[in-house]
Amino acid sequence: IDDSVILILQANPNFPCTDSRADSMVVYFDPLPIADAGIDEVICVNQVLTTSGFLTNSVSSLWTTEGDGNFDSPTELVTTYNPGVTDLANGSVELVLTALAVLPCTDSNSDTLLLSFDPLPIADAGIDSTICVNGNIVLYGIRFNSNTSEWATAGDGVFNDEFLLDAIYTPGVNDLANGFVELSLTASAINPCTTSNMDPMILSFDPLPVPDAGADTTICVNGILTMSGFRTFSNSSTWTTEGDGSFDDAALLTAIYTPGINDVTNGSVELILIADPIYPCTDTQNDTMVLSFDPLPIANAGGNQNICLNTSITLSGIITNSFTSQWTTAGDGSFDDASSTGATYTPGVTDRANGSVVLTLT
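Note that the structure is a prediction, hence the values are computed from the model and not measured.

J.: Please explain the side chain of Thr 98 as it appears in this structure.
T.: With respect to the element layout, Thr 98 can be found in strand E10 (residues 92-99). At 2.9 Å, the side chain of Thr 98 and the side chain of Ser 110 are in polar contact.

J.: Please clarify how the sheet that holds strand E9 (residues 80-82) should be interpreted in this entry.
T.: The pairing of strands in a sheet comes from backbone hydrogen bonds and takes either a parallel or an antiparallel form. Read from one edge to the other, the open sheet built from 3 strands follows the order E5-E9-E8, with strand pairing classed as antiparallel. One side of each edge strand has no neighbouring strand; the edge strands of this open sheet are strand E5 (49-50) and strand E8 (70-71). With 2 bridges joining them, E5 and E9 adopt antiparallel strand pairing. Counted as the bridge partner of Thr 50 is Thr 80 from E9.

J.: How should the environment of Glu 76 be read in this particular structure?
T.: You can see Glu 76 is positioned in the loop between E8 and E9. Sequence separation between Glu 76 and Ser 60 is 16 residues; the distance between their C-alpha atoms is 8.3 Å.

J.: Explanation requested: a nonpolar patch on the surface in the structure shown.
T.: A surface patch of nonpolar side chains, about 360 Å² in accessible area, is lined by Val 5, Leu 7, Met 25 and Phe 29. Along the chain, Phe 29 turns up in the loop between strand E2 (21-28) and strand E3 (34-36).

J.: Would you mind showing me how to read the pairing of strand E11 (residues 109-118) here?
T.: Successive residues of a regular strand alternate their side chains across the two faces of the sheet. The pairing of strand E4 (residues 41-44) with E11 spans 4 bridges and is classified as parallel. When the sheet's bridge partners are listed, Ile 43 is paired in E11 with Phe 117. Here E10 pairs with E11 via 8 bridges, running antiparallel. Note on E11: the bridge partner recorded for Leu 95 is Leu 113.

Reading the values: the criteria
Residues numbered from 1 in each chain as written. Predicted model: local features only at pLDDT ≥ 70, side-chain atom pairs only at ≥ 80, totals over all residues. Heavy atoms only, no water. Helix = DSSP H or I, 4+ residues; strand = E, 2+ residues; numbered from the N terminus. Polar contact = N/O pair within 3.5 Å; in protein donor to acceptor, adjacent residues only side chain to side chain. Pairing = 2+ DSSP bridges. Patch = residues over 30% accessible without salt bridge, like charges linked within 9 Å, V, L, I, M, F, W, Y side chains within 5 Å. Areas by Shrake-Rupley, 256 points an atom, 1.4 Å probe, with all protein chains shown as cover. Salt bridge = Lys/Arg side-chain N within 4 Å of Asp/Glu carboxyl O.

Have a look at this one:
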């Protein structure tokens with residue numbers, strides 16, 4: 001396209017003249033301005049845009065926006081656009097570069113680029129949870145605007161695969177000792193975003209039930225035992241026996257146990273308190289106490305004896321399962337030491353008159 005043209009004016013003569021005359025002028029054409037705002041751009045919602053516009057046939061320009069953001073220097077080709085709240089809410093905004101005309105041209109020219117916004121990643125570790133101290137947890141993480149994520153722990157437990165949203169976490173010793181641990185899910189950013197997002201959750205641990213059957217105890221073979229069990233982290237429990245005795249109400253911590261024949265014959269029996277768990281725990285726990293049996297005392301006063309009417313008798317009693325004993329008489333004689341199994345008994349007048357007397361060792 002030519003940017004100029006020659007215009008010729010020719011004057012024709014009036015008769016009787018015959019020679020014409022011509023004059024020329026050159027008309028030059030200045031081009032219209034051209035604006036190039038650049039290609040459409042995508043940035044992260046937390047970023048700004050550095051523009052890179054171009055001008056042709058223009059020495060000045062102006063950036064404007066169809067949204068609510070602002071330019072640092074709208075008259076500069078290379079400037080920074082700061083998106084507004086409405087821009088981000090809409091997901092995109094049009095930016096307009098206007099090339100101003102150079103005289104003698106008066107018409108400006110505009111070009112538009114579409115600026116779009118990619119969202120930041122969002123991690124959701126799930127709600128706080130509670131598990132039993134002897135359990136593990138299958139996590140239910142969620143991520144948005146992200147292709148990868150990773151679990152982390154503030155404790156000493158382990159994940160079977162920390163890159164799985166449904167990873168399994170097994171608590172560590174310190175986790176359990178502290179009673180809880182913080183687990184966090186971090187969602188990585190997708191280009192052009194560069195900022196990751198982390199969300200924490202608290203994992204707490206409920207204890208197993210703790211039964212206490214009480215200390216080992218000894219009762220007499222003809223006795224019964226009132227239990228004195230105790231339980232912690234449990235709302236119910238049951239007594240059981242390794243023997244053949246019975247409880248009046250096995251669900252009571254203070255149940256009464258009546259020994260069976262085999263219990264007594266064996267000399268002892270194990271009694272077990274089983275404490276039921278409280279959800280989320282599911283395992284019962286046991287504690288055992290040993291109930292032993294002391295035998296009844298046995299007194300042996302010896303066989304019947306005959307003595308001379310005017311003599312005393314040295315007794316030879318035997319006691320078993322007893323530390324103390326006492327001689328008594330049905331007559332009127334006397335013992336030198338009634339608490340001794342080998343006491344000497346001197347018959348009284350009535351004893352001799354009756355011809356016999358009954359001596360009893362207790």
